[in-house]
Amino acid sequence: MLHITGMKCMVKDNLSFLLDNIALIHELLTEVKMTSSKHETREGTLWGARFSAQPSDALTAISRSPDLYFELLPQDIAGSRAHALELERQDLLTSEECQRLIKTLDEIESDWQAGSLERDESSEDVHGFLEQELIRRVGTVGGKIRAGRSRNDQTANDLRLFMRQKVRSLIPLCRDLAISLIQHAEQHAESHALGFTHLQAAQPITFGHQLLSHAQAIKRDIRRFVNWDIEHATSPLGAAALAGSAIATNPELIAQDLGYERSYDNSIDAVASRDHVAEFLFASSQLMISISRLAEEQIYWASPHLRWVELHDSHATGSSIMPQKKNPDIAELSRGKAGTIMGLLSGFMATQKALPTAYNRDLFEDKSALLHAIHTLELVLPAMAGSIRTMQINEDVMKEQATMAHSLATDIADMLALSGVPFREAHEIVGETVSYCDKHALELTELTSEHLSEVDSRITLELIEALDVRKSLDKRTGKGSTKPSRVVEQAEALRDYLDSPSATLTPLKGRALAPSQNS
């Protein structure tokens, strides 16, 4: 009797469950029917019904996005939020459906970031993966998200939005490197050093001036990134495949929801152009060239030939066989990676060459080049900043070498010119004097009256006695010169620039960008 009663209760409970969830069951059955249709979109892709044969293994392999490209999933989610909002404006989604989709998109992003969601093996790319995941979670309403958009404007948006977000984290890394140079420059604004041209001894300078020459280059690199963002703050969404969307007809509002400054002016150009990628790769290449030149100098400064700096143990490596070695690996690795980034630029420029108008699958390569470049910068910038910041500068060694190889010779020529001797003649006179010194193993400052009588009467002992590194530096009074007070002035101006709005980009703001902005 108890058994029969229990069975009745179970049937009653199951019937209540079925009645309460009849809408959900209908939706699930509809979905099963949809996915078993002969004319279906293949699972994990955004196409299929046109084709009677399955894709070959070779086609699948070459078409499938590398896992690396899934780094752009948050941007694809943001674009989908913005598109859902547009579909609500067009009455293709109810308010409840829109909010349901956005909530699910937020959950997918959260799961992805937490590592609890992995790429489905059937997913051709990030766009197919996201749509399939939406359908898995919310049923057929998830399939509505594709209306009025194309992979063409989706992929263009994903990468552009990713770049705009990344440039905001790269600029502070560039700033850290510049500051590490400026800090040393301020401490060594008066430290005497030997300046080189052609890697040959040239004239005395201050080490602070030398360091700031590299900081100035980094400043321009920052400016390039800032200007890049200003120029390319343009949304491609709404362009669809190439002609513009017949459904998503408010590209300006979509752009606003994603933090862009404007929408595209031509829908074909919106999906076909990648000059913003090339320009970003150029800015990255030029930054790496700036870093490479700094790295080359740091290697030289740390060498036993100069001994100007000693690398901190935390930013150097040793030899596998020579126990005494301290190697400048950060500088060398950074210098090497500069060539790689330059290669990515030239390679992607070649990819764009002669492409017909509108989207072509060749542009699939844009992410490979761009992601590699950004990941490299994210490695190199903090490593070089730390290496520069922690190095010890040997001021006494630099001072001792400041007058090597007759580095004050130009000062004698300048003094002769100021006394009325044509500089052409002064140059020859000093050149003969240097030759005399080399023959007799003398420094210019060691010349006596007897020596000078054998050279040229216009070079007097008073001129020789006036030779002094500090006096030489103080004569360079023009803006941006090596005079210590000018070096301090230059360092202050660089700090002011790095702290100014001109050297920063404000965070992107738009209600489709993050879950907290969806309300």
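Scroll up to find the structure.
Throughout what follows, the structure given in this document is the object of discussion. (Residues numbered from 1 in each chain as written. Predicted model: local features only at pLDDT ≥ 70, side-chain atom pairs only at ≥ 80, totals over all residues. Heavy atoms only, no water.)

**Here's the deal with the overall build of the chain**
Stage number 1. Within the chain one finds 20 helices and 6 strands.
Stage number 2. Residues classed as buried in the chain amount to 48% of the 519 residues present.
Stage number 3. Sequence-distant contacts, at least 24 apart, represent 77% of the contacts inside the chain between residues at least 6 apart.
Stage number 4. Accessible area of the chain: about 26000 Å², with a carbon and sulfur share of 54%. (Helix = DSSP H or I, 4+ residues; strand = E, 2+ residues; numbered from the N terminus. Buried < 20%, exposed > 50% of the residue type's maximum accessible area, 1.4 Å probe, protein only. Contact = heavy atoms within 4.5 Å. Areas by Shrake-Rupley, 256 points an atom, 1.4 Å probe, with all protein chains shown as cover.)

**Observations concerning the pairing of strand 1 (residues 192-197)**
Stage number 1. As paired elements, strand 1 and strand 2 (residues 200-206) share 5 bridges and run antiparallel to each other. Bridge pairing in strand 2 links His192 to Thr206.
Stage number 2. Two successive antiparallel strands, strand 1 and strand 2, enclose a turn made up of 2 residues, where His198 displays a positive phi of approximately 60 degrees. (Pairing = 2+ DSSP bridges.)

**Focus on the pattern of salt bridges**
Pairing between side chains becomes possible if they bear opposite charge and their charged atoms approach one another.
Stage number 1. This structure, assessed with the given rule, holds 34 salt bridges.
Stage number 2. Between Asp106 and Arg81 there is a salt bridge, with its nearest N and O atoms 2.8 Å apart. With Asp106 in helix 5 (residues 95-114) and Arg81 in helix 4 (residues 73-89), this residue pair connects regions lying 25 residues apart in the sequence. Here Asp106 and Arg81 have matching classes, each one buried.
Stage number 3. In this structure, Glu86 and Arg89 form a salt bridge, with 2.8 Å as the shortest nitrogen-oxygen distance. Taken together, the residues Glu86 and Arg89, both in helix 4 and 3 residues apart, mark about one turn of the helix.
Stage number 4. Take Arg89: its relative accessible area is 28%, and that puts it in the partly exposed class.
Stage number 5. Several salt bridges converge on common partners, so that one network encompasses Asp111, Asp120, Glu133, Arg136 and Arg137. (Salt bridge = Lys/Arg side-chain N within 4 Å of Asp/Glu carboxyl O.)

**So, the packing of aromatic side chains**
Stage number 1. Scanning the model with the defined rule gives 10 aromatic pairs in all.
Stage number 2. For the ring pair Phe196 and Trp308, a centre distance of 6.2 Å and an interplane angle of 40 degrees mean the geometry is tilted. Separated by 112 residues along the polypeptide, Phe196 in strand 1 and Trp308 in the loop between helix 11 (275-302) and strand 5 (309-310) bring together distant segments of the chain.
Stage number 3. For Trp308, a relative accessible area of 1% gives the class buried. (Phe/Tyr/Trp six-rings, centres within 6.5 Å; stacked < 30°, edge-to-face > 60°.)

**Description of a negative patch on the surface**
Stage number 1. Judged by side-chain charge, Glu231, Asp265, Asp269, Asp275 and Glu279 come together as a negatively charged surface patch.
Stage number 2. For Asp265, the position within the fold is in the loop between strand 4 (262-263) and helix 10 (267-272). (Patch = residues over 30% accessible without salt bridge, like charges linked within 9 Å, V, L, I, M, F, W, Y side chains within 5 Å. Lys, Arg positive; Asp, Glu negative; His and termini not counted. Charge placed at Lys NZ, Arg CZ, Asp CG, Glu CD.)

**Re the side chain of Asn327**
Stage number 1. Of note, Asn327 is situated in the loop between strand 5 and helix 12 (329-352).
Stage number 2. Looking at Asn327, the relative accessible area reads 16%, which means it is buried.
Stage number 3. A polar atom in the side chain of Asn327 sits 3.2 Å from the side chain of Lys325. (Polar contact = N/O pair within 3.5 Å; in protein donor to acceptor, adjacent residues only side chain to side chain.)

**Description of the environment of Ala417**
Stage number 1. Within the element layout of this structure, Ala417 appears in helix 15 (residues 409-418).
Stage number 2. For Ala417, the residues in contact, after removing those within four places along its chain, are Phe423 and Ala426.

**Some thoughts on the environment of Ala369**
Stage number 1. Residue position: Ala369 is located in helix 13 (residues 366-390).
Stage number 2. When its relative accessible area of 6% is taken as the criterion, Ala369 is described as buried.
Stage number 3. On a C-alpha basis, the gap between Ala369 and Gly343 in space is 9.3 Å, while along the polypeptide they are 26 residues apart.
Stage number 4. Filtering out sequence-adjacent residues up to four positions away, Ala369 remains in contact with Leu281, Leu344 and Phe348.

**What to know about helix 4**
Stage number 1. Over its 17 residues, helix 4 extends 24 Å from the first C-alpha to the last, a length consistent with the 24 Å expected when each residue adds 1.5 Å.
Stage number 2. Taking burial as the measure, the 17 residues of helix 4 include 14 buried ones, the bulk of the element.
Stage number 3. Asp91 sits one or two residues past helix 4 and shows a positive phi near 65 degrees. (Expected span 1.5 Å × (residues − 1).)

**A word on the packing of helix 11 against helix 12**
Two measures define how a pair of helices packs: the angle their axes make with one another and the distance between the axes.
Stage number 1. The N-to-C vectors of helix 11 and helix 12 enclose an angle of 160 degrees; their axes lie 8 Å apart at closest approach. Considering their axes alone, helix 11 and helix 12 lie roughly antiparallel with respect to each other. For the element pair helix 11 and helix 12, the recorded crossing hand is left-handed.
Stage number 2. Here the contact of helix 11 with helix 12 is built from residues that sort into 17 nonpolar, 6 polar and 5 charged. (Axes fitted to C-alpha atoms, helices over the stretch in contact; angles between N-to-C directions. Parallel < 35°, antiparallel > 145°, perpendicular 65-115°, else oblique. Left-handed = near helix turned anticlockwise from the far one by under 90°. Nonpolar A, V, L, I, M, F, W, Y, C, P; charged D, E, K, R; others polar.)

**Notes on the packing of helix 4 against helix 5**
Stage number 1. Closest axis-to-axis distance for the helix 4/helix 5 pair is 9 Å, and the angle between their directions is 175 degrees. Considered as vectors, helix 4 and helix 5 are oriented roughly antiparallel to each other. Taking contact as the criterion, the partners of Leu73, Pro74, Ile77, Ser80, Arg81, Ala84, Leu85 and Glu88 in helix 4 are, on helix 5, Ser95, Cys98, Ile102, Leu105, Asp106, Ile108, Glu109 and Trp112.
Stage number 2. Its residues assigned to classes, the contact of helix 4 with helix 5 shows 10 nonpolar, 2 polar and 4 charged.

**Structural notes on the side chain of Ser290**
Stage number 1. Tracing the sequence through the fold places Ser290 in helix 11.
Stage number 2. Overall, the relative accessible area of 10% leaves Ser290 in the buried class.
Stage number 3. If we skip the residues at most four places from it in the chain, Ser290 touches Ala217, Ile218 and Asp221.

**Here's the deal with the environment of Leu87**
Stage number 1. Secondary-structure assignment places Leu87 in helix 4.
Stage number 2. Owing to a relative accessible area of 0%, Leu87 belongs among the buried residues under this scheme.
Stage number 3. Along the sequence, Leu87 and Cys98 sit 11 residues apart, while their C-alpha atoms lie 7.9 Å from each other.
Stage number 4. Beyond its immediate chain neighbours, meaning those up to four positions away, Leu87 contacts Leu92, Leu93, Lys144, Ile145, Ala147 and Ile247.

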